[in-house]
Each structure stands twice: as structure tokens, then as C-alpha cells.
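Structure assessment
Spelled out from the first residue to the last, the chains are:
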Amino acid sequence: MTNPAITNPAITNPALTNAFEYAPAPESRSVVEIAPSYGLFIDGEFAEAADGKVFKTVSPSSEETLSEVAQAGAEDVDRAVKAARKAFGKWSALPGAERAKYLFRIARIIQERSRELAVLESLDNGKPIRESRDTDLPLVAAHFFYYAGWADKLKYAGYGDNPRPLGVAGQVIPWNFPLLMLAWKIAPALAAGNTVVLKPAETTPLSALFFADVCRQAGLPKGVVNIITGDGSTGAELVAHPGIDKVAFTGSTEVGKAIARTVAGTEKKVTLELGGKAANIVFDDAPIDQAVEGIVGGIFFNQGHVCCAGSRLLVQESIQDELLDALKRRMRTLRVGDPLDKNTDIGAINSAEQLARIRTLADAGEAEGAERWAPECELPTSGYWFAPTLFTGVTQAHRIAREEIFGPVLSVLTFRTPEEAVAKANNTPYGLSAGIWTEKGSRILWMASKLRAGVVWSNTFNKFDPASPFGGYKESGYGREGGRHGLEAYLDV
Amino acid sequence: MPHKSFPAERPGVTFGYARRYAPLVTMPTTVPAYGAEAAERLASMADVTATDGALRRFLHGLPGVDAVGLQARAAALGTRSIKTTAKAYAIDLAISMIDLTTLEGADTPGKVRALCAKGVSPDPTDRSVPKVAAICVYSDMVATAKQALAEAGGSEVHVASVATAFPSGRAALAVKLADTREAVAAGADEIDMVIDRGAFLSGRYLQVFEEIRQVKEACRRADGSGTAAHLKVIFETGELQTYDNVRRASWLAMLAGADFIKTSTGKVAVNATPPVTLLMLEAVRDFRDTTGVQVGVKPAGGIRTSKDAIKYLVLVNETLGADWLTADWFRFGASSLLNDLLMQRQKLSTGRYSGPDYVTVD
Amino acid sequence: MSDDRTERLRVLKTYKLFVGGKFPRSESGRVYEVTTATSAAGAAGKDRWLANAPLSSRKDARDAVVAARKAFGGWSGATAYNRGQILYRVAEMLEGRRGQFAREVGDAEGLGKSKAAAVVDAAIDRWVWYAGWSDKVAQIAGAANPVAGPYFNLSTPEPTGVVAVLAPQESSFLGLVSVIAPAIVTGNTTVVVASERTPLPALSLGEVLATSDLPGGVVNILSGRTAEIATPLAAHQDVNAIDLAGADAELARSLEEAAADNLKRVLRPQPVDWSADPGTARLLAFLETKTVWHPMGV
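How each quantity is defined
Residues numbered from 1 in each chain as written. Chains lettered and ligands numbered in written order. Predicted model: local features only at pLDDT ≥ 70, side-chain atom pairs only at ≥ 80, totals over all residues. Helix = DSSP H or I, 4+ residues; strand = E, 2+ residues; numbered from the N terminus. Rg over C-alpha atoms; globule rule 2.2 N^0.38 Å. Buried ≥ 20, exposed ≤ 12 C-beta atoms within 10 Å, placed from the backbone. Contact = placed C-beta atoms within 7 Å. Pairing = 2+ DSSP bridges. UniProt positions renumbered as here; feature names shortened; annotations may be inferred. Right-handed = clockwise from strand over helix to strand, strands pointing away. Core = buried A, V, L, I, M, F, W, Y, C linked by C-beta atoms within 7 Å. Domains from an automatic or database assignment. Axes fitted to C-alpha atoms, helices over the stretch in contact; angles between N-to-C directions. Parallel < 35°, antiparallel > 145°, perpendicular 65-115°, else oblique. Left-handed = near helix turned anticlockwise from the far one by under 90°. Nonpolar A, V, L, I, M, F, W, Y, C, P; charged D, E, K, R; others polar. Expected span 1.5 Å × (residues − 1). Arc of directions from axis to C-beta. pLDDT = per-residue confidence, 0-100.

The name an unreviewed UniProt entry assigns to chain C is Putative aldehyde dehydrogenase, from the organism Streptomyces bingchenggensis.

Assigned secondary structure in chain B consists of 15 helices and 8 strands. The globule rule puts the C-alpha radius of gyration for 362 residues at 21 Å, and the 20 Å found for chain B is close to it. By its C-alpha atoms, chain B is 60 × 50 × 40 Å across when sized along the principal axes. Every one of the 362 residues in chain B was classed for burial, and the buried ones make up 57%. Sequence separation of at least 24 residues holds for 78% of the intrachain contacts in chain B that already meet a minimum separation of 6.

Let us look at the overall build of chain C. Tallying secondary structure elements over chain C gives 10 helices and 10 strands in all. The C-alpha radius of gyration of chain C comes to 20 Å, within 12% of the 19 Å expected for a compact globule of 298 residues. Dimensions along the principal axes, computed over C-alpha positions, put chain C at roughly 85 × 35 × 35 Å. Nonlocal contacts in chain C, meaning residues at least 24 apart in sequence, comprise 76% of its contacts between residues at least 6 apart.

When a strand is regular, its side chains alternate between the sheet's two faces. All names here are of chain A. Pairing of strand β13 (residues 371-373) with strand β14 (residues 389-392) involves 3 bridges; the strand directions are antiparallel. Each residue of the ladder has a partner; that of R372, found in β14, is F391. Pairing geometry for β14 and strand β15 (residues 409-415), over 3 bridges, is parallel. The partner of F391 across the bridge, within β15, is S411.

Glancing now at the UniProt feature "domain: Aldehyde dehydrogenase" (unreviewed entry) in chain C. According to UniProt, the "domain: Aldehyde dehydrogenase" (unreviewed entry) feature falls on residues 48-266 of chain C. This span, residues 48-266 of chain C, is 53% helix and 16% strand, and a straight line between its end C-alpha atoms measures 36 Å.

Residues and elements named next belong to chain B. For strand β4 (residues 190-194), a buried count of 5 out of 5 residues is recorded, marking the element as mostly surrounded by other parts of the structure. With burial as the criterion, each face of β4 is covered, one bearing E190, D192 and V194 and the other bearing I191 and M193. In terms of strand pairing, strand β3 (residues 158-163) meets β4 through 4 bridges, oriented parallel. Bridge pairing links A163 to M193 in β4. In this region the chain leaves β3, passes through helix α8 (residues 173-185) and returns to the parallel neighbour β4; the handedness of that crossover is right-handed. Pairing analysis gives 5 bridges linking β4 to strand β5 (residues 230-234), with the strands arranged parallel. Residue pairing across strands places D192 opposite K232, the latter belonging to β5.

It is worth spelling out the nonpolar core at this point. The tendency in soluble globular proteins is for nonpolar side chains to be buried side by side. Formed by 257 residues in total, the largest nonpolar core has its most connected members in L103 and I281 of chain A together with W127, V165, V191, V192 and I242 of chain C. At 12 residues, the largest contribution of residues to this core is made by helix α6 (residues 178-192) of chain A. When we break this core down by domain, the ones giving at least three residues each are domain 1 (29-274 + 476-488) and domain 2 (279-467) of chain A. Residues within four places of I242 of chain C in sequence aside, it is in contact with V163, A164, L233, A234, L255, A259, K264 and V266 of chain C.

What follows covers the packing of helix α3 (residues 98-109) of chain C against helix α7 (residues 200-210) of chain C. All names here are of chain C. It is at 9 Å that the axes of α3 and α7 come closest, and there the two elements cross at 160 degrees. Classified by the angle their axes make, α3 and α7 are roughly antiparallel. Taken as a pair, α3 and α7 cross one another with a handedness that is left-handed. For the pair formed by α3 and α7, the contact residues are Q100, F101, E104, V105 and A108 on the first element and L200, P201 and S204 on the second. Residues of the contact of α3 with α7, tallied by class, amount to 5 nonpolar, 2 polar and 1 charged.

What follows deals with the sheet that holds strand β7 (residues 219-222) of chain C. All names here are of chain C. Strand order across the open sheet formed by 5 strands is β7-β6-β5-β8-β9, with parallel pairing between neighbours. Looking at which strands have only one partner, the edges of the open sheet turn out to be β7 and β9 (265-267). Taking the axes of each pair of neighbouring strands and ignoring which way they run, one obtains an average angle of 15 degrees across the sheet. Sheet analysis places strand β6 (residues 189-193) next to β7, joined by 4 bridges and oriented parallel. The partner of T190 across the bridge, within β7, is V219.

A few words now on helix α4 (residues 113-131) of chain C. Residues separated by three or four positions in an α-helix point in the same direction, a consequence of the helix having 3.6 residues per turn. All names here are of chain C. Here α4 is 19 residues long and its end C-alpha atoms lie 27 Å apart, about the 27 Å a rise of 1.5 Å per residue gives. Buried within α4 are the following residues: A116, V119, V120, A123, I124, R126, W127, Y130 and A131. Buried positions in α4, seen along its axis, are confined to an arc of 155 degrees and lie on one side of it. Where α4 is buried, its residues contact α2 (80-96), α3 and α6 (174-185).

On to the interface of chain C and chain B, then. Across the boundary between the two partners, chain C contributes 5 residues, which contact 5 residues of chain B. Of the residues in the side of chain C that touches chain B, the class split is 4 nonpolar, 1 polar and no charged.

All names here are of chain B. Between helix α13 (residues 274-291) and helix α14 (residues 306-319), the least distance of the axes is 10 Å, while the angle of their chain directions is 30 degrees. Here α13 lies roughly parallel to α14, going by the angle between them. Crossing of α13 over α14 shows right-handed handedness. Of the residues in α14, those in contact with P274, T277, L278, L281, E282 and R285 of α13 are K311, Y312, L315, V316 and T319. Considered class by class, the residues forming the contact of α13 with α14 number 6 nonpolar, 2 polar and 3 charged.

Let us now look at unusual backbone geometry. For the bond running from F166 of chain B to P167 of chain B, omega is -5 degrees, close enough to zero to count as cis. Following the sequence through the fold, P167 of chain B ends up in the loop between β3 and α8. One non-glycine residue, D43 of chain A, adopts positive backbone phi at about 55 degrees. Checked against the element boundaries, D43 of chain A lands in the loop between β2 (40-42) and β3 (45-47). Overall, D43 of chain A belongs to the partly exposed group, with 17 C-beta atoms counted inside 10 Å. Residues other than glycine seldom take positive phi values, yet N302 of chain A does so here, at roughly 55 degrees. With respect to the helices and strands, N302 of chain A occurs in the loop between α10 (288-300) and β12 (312-316). By C-beta crowding, N302 of chain A is classed as buried, having 25 other C-beta atoms within 10 Å.

As a further point, take α6 of chain A. All names here are of chain A. Helix length check: α6, at 15 residues, gives a terminal C-alpha distance of 22 Å against a target of 21 Å (1.5 Å per residue), a fit within 8%. Among the 15 residues of α6, 15 are classified as buried, and the element is accordingly described as predominantly covered. One or two residues past the end of α6 sits G193, with phi positive at roughly 105 degrees.

So, about the sheet that holds strand β1 (residues 37-38) of chain A. Residues and elements named next belong to chain A. Pairing in this open sheet of 3 strands is mixed, and the strands run β1-β5-β4 from one edge to the other. Taken across any chain shown, the strands that pair with only one partner, and hence form the sheet edges, are β1 and β4 (54-58). Inspection of the sheet shows β4 paired to strand β5 (residues 65-70) by 5 bridges, in the antiparallel sense. Within the sheet, the bridge partner assigned to K56 lies in β5 and is E68.

Our focus in this paragraph is the environment of R452 of chain A. Residues and elements named next belong to chain A. Tracing the backbone shows R452 in the loop between α15 (441-450) and β17 (455-458). Put simply, R452 and Q217 are 235 residues apart on the chain and 43 Å apart in space, counted from C-alpha to C-alpha. Leaving out residues up to four positions away in the same chain, R452 has contacts with N426, G431, Y473 and K474.

Here we come to the environment of A141 of chain A. All names here are of chain A. Relative to the helices and strands, A141 resides in helix α5 (residues 129-150). C-beta crowding within 10 Å serves as the criterion here: with 23 such atoms nearby, A141 is assigned to the buried category. With 53 residues separating them in the primary sequence, A141 and F88 have C-alpha atoms 24 Å apart. Once residues within four sequence positions are removed from consideration, A141 is found in contact with A107, I110, Q111 and S114.

This brings us to the confidence of the model for chain B. When pLDDT is averaged along chain B, the result is 91; 91% of the residues meet or exceed 70. Contacts for the low-pLDDT stretch residues 1-32 of chain B, under 50 throughout, to residues beyond four places or in other chains number 64 contacts.

Dropping the structure here:
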């Protein structure tokens, strides 16, 4: 950075150039009280698994055990589905306005408890408190507010005069946005009059269990929301259970395909929110500084554990050097570390398993000849960590350009013309999201119409809103969550 | 823990800070304020200012600014949590960067002398508080300020004079140049000029460029020393309205020889904002990358609290880094900010909240 | 003109597939016998031979997918107005061949003349109905979304891509039209598996489409054993969706399983009264919602 031609003593004298170091600014853990163990939340009560099995959930930033939770088996799944079925009659028969008020209550209680829930989420998931506080929790509350308002307006949603709920929804959610994905699933389901059995991810069960307490505080009728914790086998039991009418899944494309096979030949309605390998396309006339922010936010937000992450940077060759210099400069300022520190930009990788997968793919990137770069970055000694990394010299044939890494790893590719950019962006089985950076409006609209992706961010990236439909093309899944479109998934239409 | 720990030799709140910052106001006194290589690189860009058309094409060819993204970035940096030792560091750094300002029609020599005394010794009860960077006054008060600073034992505190028909800039060029020369002759270390926003907004970029260049010439001291007052160029960003205009004005001023670029006069409805300042920080960063010439940035107007000031320092830290984190390269144009910084400083050293009776009214 | 009034021997039509705008035989060289409906009324008789229809192979299915994919860019990129005009043109061409279709439908479904004519009229009217949807569907399926921030946010429906359509087995023409028109009017391209036992109206439809300004490959029509053709289509990685209208429960299940391999959108078979108001369900089934964000600032 320092140019030797500059003769000002303030620059050349290192004694005068102390960096502005931020002291640790930890958010207090004491706002959340985690019990040593949690049962399954079925029919309004917490109970142990029928076979008494439990598993531990750990904090990925320290590997400390946070709590022990029940491992639901087939019998527990059955009990939860039956509880939801039993509750369905009354719940679906409630006037929409009454259901709405329950959802409004939930939204308000989440707002009231947002600091506690944000800390909990950062502890269990490893994401920076800045994100759980400023992104996850506000969006969770907003999602309940949004769908609360639909509950008594369903006949105006464009799905007929008297759209009916489906029944019992079996919902399986991932570990990257535990509470937000819960909100995306439960809010529209309840608004439409369904009851739910939800299984949070194995590594992040706690916020869903706290949500059970939110339901208790809101006075939600028993059995309307049931939370069962467990691993993939629990999810498989739930999806296959003959007593559910609807499957909603967010997670990997591989599991999504297995679910699609499982429900084949049944009457179950399915929505799948799966993987992605989004192209973030930067043209030479882009607003460069904002593009750099968008690239950084696109891939390093939430440690890159984002299905719509902008994991493939497609940069126009004419500005490749300039953009990469700026990107590297910006990456050097990223602060990796304690998720509870308010100044942390990148937290912990969610699990040892995920860390291993990221490492494997990053190693494959190197082995296949791409050039790896990461800023100097001191990583904590315990917990699961991966430095923000970018690969240059990547081609469409590389694994790191095709497979979803789901980590803070950016693959940089180049293009020469808009047509080439579109061809490369679409050259993937996925189709969840894409980004376009250019100051030329007509080019944005042309590009947006050509990109085969469910969400296109132009001159921005990774923006979410309860009013905005979200979901993929092709192997990124089907169905939409959010907005008026999100209701369809929970109505018999 | 992941973050590097605070250097051990820097204890909490001590007068070590004052010593550290005291020698920092060391603006280069030669013109140009950069080495020969940078001068060459700058000269190589002469063609972009050769004609009105060339300058327009250059300025309009700068990357666009997405307003929403810029504002979001500034807001995100505003959420940084600066605590304990970092806060102490930032407060003293901010004090050392203040251009303590009085620009009122009602200014008198007495008022200016009081301000100078305050700038030299911001907290009479605590000598460890650093001096401010400069006292900023109208040109007719320069001599008074110079003398008052010397008498207060703070001649290293600079005197900055506004000039060029501040704040509107609406006067004949000859008047603006005379205004500048008078201030320099009276001993001003720094000149804060305003650009002709009318000319800029109507697209007469070369006229604005020429005016800055001539004011820069007028900053030369007539004493044969070959030195010159430092030139800060005020854009009045609240009148330029768009971020694209601010980026263009930044480049235009830097090409014309500005030593500092400054947001505002403090006399219009919208003064310094974090996004505008961030954009100008990006401009000086890019300008140094391109030419090798380092230019300072001064947000002015509306920065009243320590919290605000620290947010600006975070912007500097994360956009430019340590190279700009001195009073040589970053300034606050402010008046009431100083007392809030002093109260926060007292809170940090005593652990209890201070009140306005425990700081001086200037 | 009944055969018994003249001695003239009729010139019979060789029914062929319709793929990429052309009329190939099955690459397999196979045909199968198509006969009248067993309950056919009047003089049609029982199990009378009507034609030898091509017995399509998996390779024919593959070729049809290639043609459909090739046509997708142009057809989905055409203006909605243009697609509506072309679909209306199809209806005009159908109107001109009402008699032919009435005879084929009567033979296929064992309907009397007036009933068969009514079915054909309904099919033509349905085609007109769908034609009008081309430039309206985005207005009922799209949305301007009021997000909590300075962003312009718009959701618009886009065609899913290449859709494999298993035409209904029992409604050889009205049902056929009711599954093809909603898929293509929004910009999808299709590979249609005609009713196995009654493929002739479908194969004749190809002749209409070929003369209606519809770009080649937008609709590709295959005749043969539904299960044999549908199985490779359901597993095909370059097919984006499948309409199982013409599959029985067991076939539907196995096709849905195969379709999971690339997460095709699957429209399961359900009992449908093809003469009733179809609603928008089929129209919306093969659409993807694309949401575009853009900041608003100066």
C-alpha cells in the first residue's frame, strides 16, 4: 500500500503509524440461559425420546458442549405427526383473523427476545453476532409479521375464493440460518391453516427449541407446532410418514432428490429449497467499490454457508486485475474470529464435517491448478475455522466452479462478452441466484432475463425480505418461499 | 482470540497519547507535497485536464457509485463496536484531528483567542489531552489566531483560513485569489477554499479546475521560502447532491493540486455524512494508487458526538488504514465535537459520566 | 363422403411423428396398429384398422428433446404477443380442419358425429382461450414486492424449459390440446407422448402446427407405448418438467421417482373433466418465478 514516493514522515516513520486496533467487544453470553438438556416439543410438552436417545450440540467456535438434545426416532415422529393431525382440525377452522393474531404475537415476542435469540444462534451456529443480530433475527420477526397479515386475506391471494390448507406439514431445515429457516417454514404454514412438525438441523437444534418456548408464551394451541430434534434419519422418518400432507425441505440437492423419490406416487405436496452455485457477474462499467462489497457479502456472509452465495465470480477480463486488487485489499480487512465479538465479520464453520468438506474442495482447487489466495489471518486454535479464500485461474471444468462448497471460498472466472457471461453463469445444474454489476440499465434487464435463476440481484447481493419470493430453477429445487407466492406451498391449490 | 491484542506498550488512558500525537501535525511544507516519481505520474495525466472535453470525458469515465450500496457499507461500518482501549485511542486521535472552527459573522478577536486557548489546551485539568490540529477562522482573523496560539504556547497548532468567498464561492476570481493571498500573508498555514458549485453543476469542469489551480498558486508564501499554505478544497457535497458528482469533484480537485478534499462549509442543510466521506476516502485511495500522490480528507459540519467521530475513524481505518490515521491526512471540521470528546475522555479515565460544567465553553 | 357411395379407393394417410418441425418415421422403423374404439357407434364397426402409427423408441424421445431444447431459446424469448398470435393462428388452422379432426376423434373415442364435432369445437375454443393468456399470465402470476428497503423488487414468471407431456389416454384431442396449449403459451417447449391407443388426432395436430408459424421444435409429438417413451423422458437430464396426465398410478410413481434425478417439476395425474373450465393450474404448473432486485438511489 505505502508508496515509496511519498515522503511525508507520518507515512515513512513506522513509529507514527500505529494501526487503529479494535479492542475485544464481546456480546454478553449471560442474556441466554441454555438448559443442560432438551426434550422433543410434541403436543405442547417437552418429552424425552421414546428410546431415550440423546445427542450433544456444540458451539463450533469453541467445541464446547452447549446442551444435550433428544434424538427423535420413528415412534416420536409418529407421535408428533399425530399431535399435529389432532390440532389441525381446530387450527384450520379458526377464523383467519385469530390465526393472524397468534402469528403477530409470535413476531412481537421474537422482537422482544431478539438479543437472547441472536446470542443463542451465534453460539450454536458459529455465525457472527453482527449477522444474527442485524440480519437473522430482524428477518425472522419480519417473516412472522408478513405472513400474520395473510392469514385472514387468503381469498385475495389469487388461489381461489376459499383456499384450504393442506393439513400437516413436515418441515426439515438446515443449519445455516436455523431460526430464519424455521420462520420461512412455520409462518406461511400456520397462516394458511396448517399444523407443523419441524425438524431443525442436527448441529443447530437450540433456537428451534427456544422457539417452542416462544409458542408457549404466545399461547399457541398445543400440537400446532411440534419440534423434533434429530439427525438425518429423523428427517427421513418425517418425510416418509404417511400422516403428513406436505413436505418442505431446505438443504442439500442430494437430500432433496432423495425426498423427491420418497414422496413419488403419494399425494404429498413438496417444496424444495436446495443448493446453488451462483454467478456474480461484474462488468467493466460496474460501480466497483459497491461491487467489491457485493462480492465480499455474496460469498463471505455467514461464512459462505448460504445456498444462494455468489460463489462464482465472473469478472469481465478488461477489469480483472483492478477488481481483484480491490477485492484482495478488502478481504484483508475482514475480521475472522469469535462469533460473539461485535466486530467479527466471519465466524466459525458450523461443524467439523463441513470444515472437512470445504478443505477437500479447496485442496481439489489447488490440485486442479487454480491459484489459491487468502489474506493473512490468525485463526483461533479451538473450533472450526477457515480463512476467507479466493481462487483465480478457475475454469468451468474445475470442481470448485461446479460443486457447491458452502464455505468462504470464492472461485474467480472471467468472461469477455455479455453472451459469454450468460453462458457461463447458466452452465450449472443449479439455478438459485445470480448477481449482475453494471451501471447500464438495459444490460441489467437483458442479463436478468437470460439468467436461469430464481433470484437475480442487480447491483446488490444477498438481500432477503419476507415479501420477496425466493427459490430456485433446475436442481436448486422448486416452489417459492416468501411473498404471495410463498402461500401456494401451503394451500391445496 | 482471533483479533490481535492491543499493543502492550500502550496502556489505557494516559498522557502517552498526547506525546504520541503532538508531533503529528507535520504537513509537508514544500510544494508539491510528494516525491519526484509521483510528480511524474501526475504530470503524465496532464492530458486529461488539457481541454474541457478531455476533463469531462475523464470525470464521466470514473466508475459509477451505487448510492444504496455505498450507504449500506457506511452504515455497516457504523456498527463497529469501539470499546475500552480502542475507544481511548480513538478519542485522542479524534481530538488531535480537529480543525476547531469558528466561522460566524459575530466572530471577534476575543472569541478567536478563546478558541485558540481551547485548542492548545482542550482540558485545562488534564495536560495529557492532545492539542487540536488547527484553528479554523475567516481570513481576517488569521493574524489574531496566529498570535493567540503563539501566546498559548501552541504554535504547532495550525491556523486554517477559509477563503474564496466562503461559503458561497460567488465572487470574481480576482477577489477569491486576493482573499487567499491575504490569508496566506497573514500567516495562514492552511487555506480552506470552496469550489464554484454553479460552474461544476453546469458542467464547466475546466473552469473549476483552473480556479483551484490558481488558488493553489496563491497559496505560495511570498517570503521567498518556496513554501505554501496547504490547500483544502471544499465541495459543499450537500449542493452537489449525487455521489457521482462527489467522486468527480474529488478527482477534479486532486488533479488540480488539492492537498485535502473537504465535504462541506457547515453552512448548508446537509453537511458531512458517513457515505459521502467514505466515497471521498475511496477517491483519495484510488488517486494515490493511480498517481502516488496522497491527499487528505476532511469531513466538516454536523459531527458533534464522540460516537460520530469514532464512526468516521472506523471508515478511515477500514478504507485506508494507518496511512491516513493522522492529523496530516484526516481532519474533522467541528466545534462542539471537542467538548463531547473531552467528556467521553473524562468518563473513560474516571469511570463516571461527565457533564457540560466540566468542560470549557469557548 | 362415405365409402359406399363411390367406387373410388381412398388415399390413406401415413401418420408420422412430428419432431423439430419435420415429420420423421420412428428411427426404429417400427409401427403399431391403431384401430377404432371398441364402443364406436354407427358404421365404424369394431376394432376397425385405422392406421399404422409410428412406434417411437427411446432414441426418438432423445431426438425430440434435442429439438425441444433447440427451440426453447427462441420461443421463450419471443414476445408474449407474438406467442399469442401464433397460438391463435393454430386455432384458425384447426378450424379449417374441423371435419378431419371430428372424424379422427369419433373413430378414436367412439363418438358419434355430432358429439365428436362438439369435442373438436371445444378443443379449438380451448386453444383460443389459452392463446389469449400469453400476455396476461405474467400479470396474474407476477408481483411487485414491497420490500423493506430502497429496492425495486419484481417477480415475473418464466417458462420452466423443456416439458415432457404425457397426453391423457382417454381424451385424444380435447385432453391433448388442454395439456399442450398451457405448456407452450408461456414459452415452454414440449415433447408430447400421444395417447397410446388413440394417437391419430395428435399426429394430425402436428400437421396443423407445422402450418401455423409455430417454430419447429416447440411441440414435438411422439406416438407409441407411453411407458416405453416416457421412461427415458422422465430420466432425461435435459428435460425440466413432466406432466404425467397420461400415466396410470404405477407408471406415474416410477416416472416421478426417475424425475427426481434432476428435480424435474412433476405434475401428477389427477382425475380431470376435460370439458370443464380448466382454470389456470396447468398454465402455472410449468412456470418459474424469477425475482429481480435493484437498488433505488441517485
